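Descriptive analysis of the structure
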Amino acid sequence: MFDGDVRIGKIIKIEGLAIHIEVTDENVANKLVLKYGINDYVASINKMIYSISPNGKRIIGRITKIFDKNTFSPDDIFLKSHDSFVIEATLVGIYDDYLLRFDSGINNFPIIGSEVFSISQKIYQSIVSINSSYELPIGTSYEDNQLEISANPDILFGKHMGVFGNTGTGKSSTIASLIQGLKRRLQDKNCNQVSIKPKIIIFDSNDEYEQAFKGTEFSVRKIKKEELYLPHYHLSFTEYFRFLGASLGVQAPILKNCIKSLREKTYPENEEMFQFSDLQEEINRWLWNNARKKDKNGNFTGEFDNFKANQWFNWCSTMMNRIQTITDDPRVNHIIECRDGEKNTIEKIVESDKEIFIIEADFEKDELDIVMFLFSKLVYKWAIGNRKSSDIDSLVILFEEAHRYINEQEQEEFKLGTYYIERLAREGRKFGISLIVSSQRPSELTKSIVSQCNSFIVHRITNKLDLEFINRNLSSNNQDLIKFVPGLEKQYAIVFGEAFGYTDIVKIADAAPVPNSEDPEVIGSWIVKE
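Right, let's walk through the structure included here.

How each quantity is defined
Residues numbered from 1 in each chain as written. Predicted model: local features only at pLDDT ≥ 70, side-chain atom pairs only at ≥ 80, totals over all residues. Heavy atoms only, no water. Salt bridge = Lys/Arg side-chain N within 4 Å of Asp/Glu carboxyl O. Helix = DSSP H or I, 4+ residues; strand = E, 2+ residues; numbered from the N terminus. Buried < 20%, exposed > 50% of the residue type's maximum accessible area, 1.4 Å probe, protein only. Axes fitted to C-alpha atoms, helices over the stretch in contact; angles between N-to-C directions. Left-handed = near helix turned anticlockwise from the far one by under 90°. Contact = heavy atoms within 4.5 Å. Pairing = 2+ DSSP bridges.

Re the pattern of salt bridges
Where side chains of opposite charge bring their charged atoms close, a pairing between them can arise. All told, the structure shown has 23 salt bridges when counted by the stated rule. For aspartate 96, the salt bridge is made with lysine 57, and the minimal N-O distance between the two is 3.6 Å. Residue aspartate 96 is located in strand β5 (residues 85-96), and its partner lysine 57 is located in the loop between β3 (48-52) and β4 (58-68); the two are separated by 39 residues in the primary sequence. Judged by relative accessible area, aspartate 96 falls into the buried class, the value being 14%. Under the relative-accessibility criterion, lysine 57 is labelled partly exposed at 32%. Here aspartate 362 makes a salt bridge to lysine 225, at a shortest N to O gap of 2.9 Å. Of this pair, aspartate 362 sits in the loop between β16 (356-360) and α13 (365-388) while lysine 225 is found in the loop between β13 (220-223) and α6 (237-243), placing the two residues 137 residues apart along the sequence. Through salt bridges with shared partners, a single ionic network connects Asp207, Glu210, Lys222 and Glu360.

Examining the packing of helix α7 (residues 251-265) against helix α8 (residues 279-290)
In contact at an axis separation of 9 Å, α7 and α8 are set at 115° when each is read in the N-to-C sense. With respect to the hand of their crossing, α7 and α8 are arranged in right-handed fashion. For the pair formed by α7 and α8, the contact residues are Ile254, Leu255, Asn257, Cys258, Ile259, Ser261, Leu262 and Lys265 on the first element and Leu279, Glu282, Ile283, Arg285, Trp286 and Leu287 on the second.

Observations concerning the pairing of strand β7 (residues 115-118)
Pairing analysis gives 3 bridges linking strand β1 (residues 7-15) to β7, with the strands arranged antiparallel. When the bridges of β7 are listed, lysine 10 appears paired with glutamate 115. In this structure, β3 lies alongside β7, joined through 3 bridges in antiparallel fashion. Looking at β7, one finds that tyrosine 50 is bridged to phenylalanine 117.

Here it is in structure tokens:
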């Protein structure tokens, strides 16, 4: 990369935050390139330039367009042809040479005729640097592969983060690289390596992450589906109504009475506990009991009013079907049913000395909805209790393929998981809970969850709706970068948000080992073995 201040040209037009620069240096004109990502050129798409403002500070801009000035001149064979290029750049901030600091935003402008220069590596380093007690190097700059890009790990892992991109663009490898970096690259402001013991839960929908941490310096535990224990009895009455789809008019009061009755009859040592499989029988008993005939004094008799019974059962049929469906599903029922004396999965995780917990999550959609609801409820309950005890042990939760269970379009049908994950997103940070939301379809995620994310890593995305979504989350002076997203190479991503010094294109550091997410080898699997 060219280092030092190379003169490029002079400003010939200023329009809002956009400036036009006429290239006057012949050596620069001969080395212009329209394709972005070529590091050995002084001026190319996405590179940064500066001009001096009237108050002596450097006004930094990002190159967005390069075009031939002759394009706008009439063709004339008698005119002598010569190279004349114009660069369009967007002003993004101010660099103070005295403070050696870059600030986003523009409060003054250069003047027409001001000279424009390429920025040195020193200034570029200042622009992308972060001011924090700890730094996590995440990769290298796309514009200068000698320049390391770091993130603030307290924000990256302490506040919520979104990782988005099409299938096969490197999302899983990026997440693995970031987590592996906590042990391998984390350093303090004096560049001394820091040793930590994280606690991270990974909902692994595609069985990818076990390979990424096998044989590494991390202590890992894989939790199989049949090992999950997320007992239902921690739910409040309101949550039971939501869980079982109980209507507030008739079904909810009946359900509440039956749950209270079961809690009083079973497990006296724990007032909350009862067997979910007993709930349907208890509701049947309540309905038949209230369908008895009354004598002239208003007392129940031993006879039943069949018409009244049919009414009660019809009113409760949808709730009863929901309970029956859950009870008859051995995978779900095994996870939620009470087990006397056994600690639930969340309690086991927070009390374990392991660092990474990989949970198998290849459930059917309706089953996953229930699992996510109860899991998030138990995490939230633990977090509140943990906050009260003043013994906060930060917990990071990765929701892989998040659009499967926090989908905006399917909130009516699959709304359980979304309900509590949204609550974790809104309130979890103050309790030491932070989320990593990974998805190939960010536009389908619920807005309330994405709006809580402070940092984003975006790989290649080609879907129009997803691109519009990313564009809405980019700051106004960086929205030109959306044009690069569909053309990003694998392992490259745009990083932006509070955890990063500046919005930039980064080559993410290699993960070693990588997750089990390689592209399929279709033809190789079809080759006939002789």
